[in-house]
Amino acid sequence: MTPPKADEGRAALDAALSPRLSLTPGEIAARTDAYFNRTQAIVSRFGECEVTYALFIRRPVIAAHGLMVAWLENVAREQDFEVAIDIISAEGSWVGAGEPLLYLTGPFTKLAPLETLLLQKLGSACVAAHNAYQMALALPDAAFMAMEARHCAGFEMQEMMGYAASIGSRAARREGARGFVGCANDVTAAFFGQDHGLGTMPHALIGYAGSTLRAAEMYREVYPDDPLVVLVDYFGQEITDALAVCHRFPELAAQGRISVRLDTHGGRFIEGLDPQSSYAVLERHTPGTIRRYRSDHELKDLVGTGVSAAAIWWMREQLNAAGFTEVKIIVSSGFGLEKCMTMRDSHAPLDVVGTGSFIPVKWNETYATADIVAYDGEKRVKVGREFLLQKIQSKSKENGA
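The rules behind the values
Residues numbered from 1 in each chain as written. Predicted model: local features only at pLDDT ≥ 70, side-chain atom pairs only at ≥ 80, totals over all residues. Heavy atoms only, no water. Phe/Tyr/Trp six-rings, centres within 6.5 Å; stacked < 30°, edge-to-face > 60°. Helix = DSSP H or I, 4+ residues; strand = E, 2+ residues; numbered from the N terminus. Buried < 20%, exposed > 50% of the residue type's maximum accessible area, 1.4 Å probe, protein only. Core = buried A, V, L, I, M, F, W, Y, C linked by side-chain atoms within 4.5 Å. Pairing = 2+ DSSP bridges. Axes fitted to C-alpha atoms, helices over the stretch in contact; angles between N-to-C directions. Expected span 1.5 Å × (residues − 1). Contact = heavy atoms within 4.5 Å.

- Labelled according to an unreviewed UniProt entry, the chain appears under the name Nicotinic acid phosphoribosyltransferase, originating from Asaia krungthepensis NRIC 0535.

### Focus: the packing of aromatic side chains
Alright, step 1. Considering all chains together, one arrives at eight aromatic pairs under this definition.
Alright, step 2. Note on Phe180 and Phe358: the rings are 5.5 Å apart at their centroids and 90° apart in plane angle, and the pair reads as edge-to-face. Of the two residues, Phe180 sits in strand β7 (residues 179-183) while Phe358 sits in the loop between β11 (352-355) and β12 (368-375), which places them 178 residues apart along the sequence.
Alright, step 3. With centroids separated by 4.8 Å and ring planes inclined at 65°, the aromatic side chains of Tyr234 and Phe235 adopt a geometry described as edge-to-face.
Alright, step 4. When its relative accessible area of 40% is taken as the criterion, Tyr234 is described as partly exposed.
Alright, step 5. Residue class for Phe235 comes out partly exposed when judged on its relative accessible area of 37%.

### Observations regarding the nonpolar core
Alright, step 1. Residues Tyr53 and Leu350 are the most contacted members of the largest nonpolar core, which totals 116 residues.
Alright, step 2. The greatest single-element share of this core, amounting to ten residues, is contributed by helix α7 (residues 123-138).
Alright, step 3. In terms of nonpolar packing, the next biggest core, distinct from the first, is built from eight residues, Ala54, Tyr103, Val373 and Leu389 among them.

### Topic: the sheet that holds β7
Alright, step 1. Pairing in this open sheet of six strands is parallel, and the strands run β7-β6-β11-β10-β9-β8 from one edge to the other. Of all strands in the sheet, those bounded by a partner on one side alone are β7 and β8 (228-231). Neighbour to neighbour, the strand axes of the sheet diverge by 25° on average, direction disregarded.
Alright, step 2. Pairing between strand β9 (residues 258-262) and strand β10 (residues 328-332): four bridges, direction parallel. Across the sheet, the residue bridging to Val260 is Ile329, located in β10.

### So, helix α15 (residues 309-321)
In an α-helix, one full turn covers 3.6 residues, which means residues spaced three or four apart are oriented alike.
Alright, step 1. Helix length check: α15, at 13 residues, gives a terminal C-alpha distance of 18 Å against a target of 18 Å (1.5 Å per residue), a fit within 8%.
Alright, step 2. In terms of residue burial, α15 counts as a mostly covered element, since ten of its 13 residues are buried.
Alright, step 3. Taken together, the buried positions of α15 are Ala309, Ala310, Ala311, Ile312, Trp313, Trp314, Met315, Arg316, Glu317 and Leu319.
Alright, step 4. The inward-facing, buried residues of α15 contact α11 (238-248), β9, α13 (275-285), α14 (296-303), β10 and α16 (337-345).
Alright, step 5. Positive backbone phi, at 90°, marks Gly323, one or two positions downstream of α15.

The following block contains the structure:
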């Protein structure tokens, strides 16, 4: 899985953003907060006004406003009004808490009903992009695959989260990380410069086949040209089943076209490990890591049940001992920022991380805010939000105003 070139990725992202569907005025009115509809009615009666909105978030984020901007442009086009979009923080750039990401200037009667919907499309995307950015930097040599869809509340959230992962990843790649190279389904694949989703087999297929090896054989028969990625935890025989597949397809293994995916749940250790042997594995490969742990949660990620650092090292040991040094290891199951940082500290020999854990955990951190900062060109903002004028004032000075 190789990330697209920067220019190809940007073109694919632009193409994916362009058809963002707007809504009819009636649909917008039904989905926005009632006081915005009433504001529209009052301003319509007493006279139109050109307003400037500042949009910001109360915590540091990675700017990910492309979905929102594309949607707004389509609304303006369909409703036949002009809106000036002054982007202060370029997409993919780091933005400090409370700093305006962009200013929107246009007719009050048109923009007022859009506020609720614009904020919905901004806050969570920016926070998720920040999470994806940090995760990719924590494991810069690993490729990530976005697997957020199953954790989302419907397609609109899925689209925002997939888009956010691609933006955070793009920012991390500028700092040398491999980042997110794809996602699990076709509909958001273009955000990553791909034309289809990535993935091979779920646990359900292994249950159907009756054995991990048979599932691999069936997959290979139907998709003979694809690399083979095999889940190995279904029967609790991660090592046995991984080696069985490699012995069955030795040429693929030697070519590096077999990957084993560790997805062991947190209720047990992988085959061959227990608490004592988990400590021993880390001592063999990364002496001292276990002595640096800072919390019980981190200790579990190092030597506990599920997909721990010890489990990854143990799988690598067994593959190498059997001569399958080119076989790759894919990991999944709870790989958020903290777990990624633990894997970095333990030098875990993983190749790919499948995760949806860039989805914001604290949803109240995703709340974006919009305040009007100018009415017909006169700067005016509610007390306490004067900081929103800083960027617009600086821009006025640059323009000689």
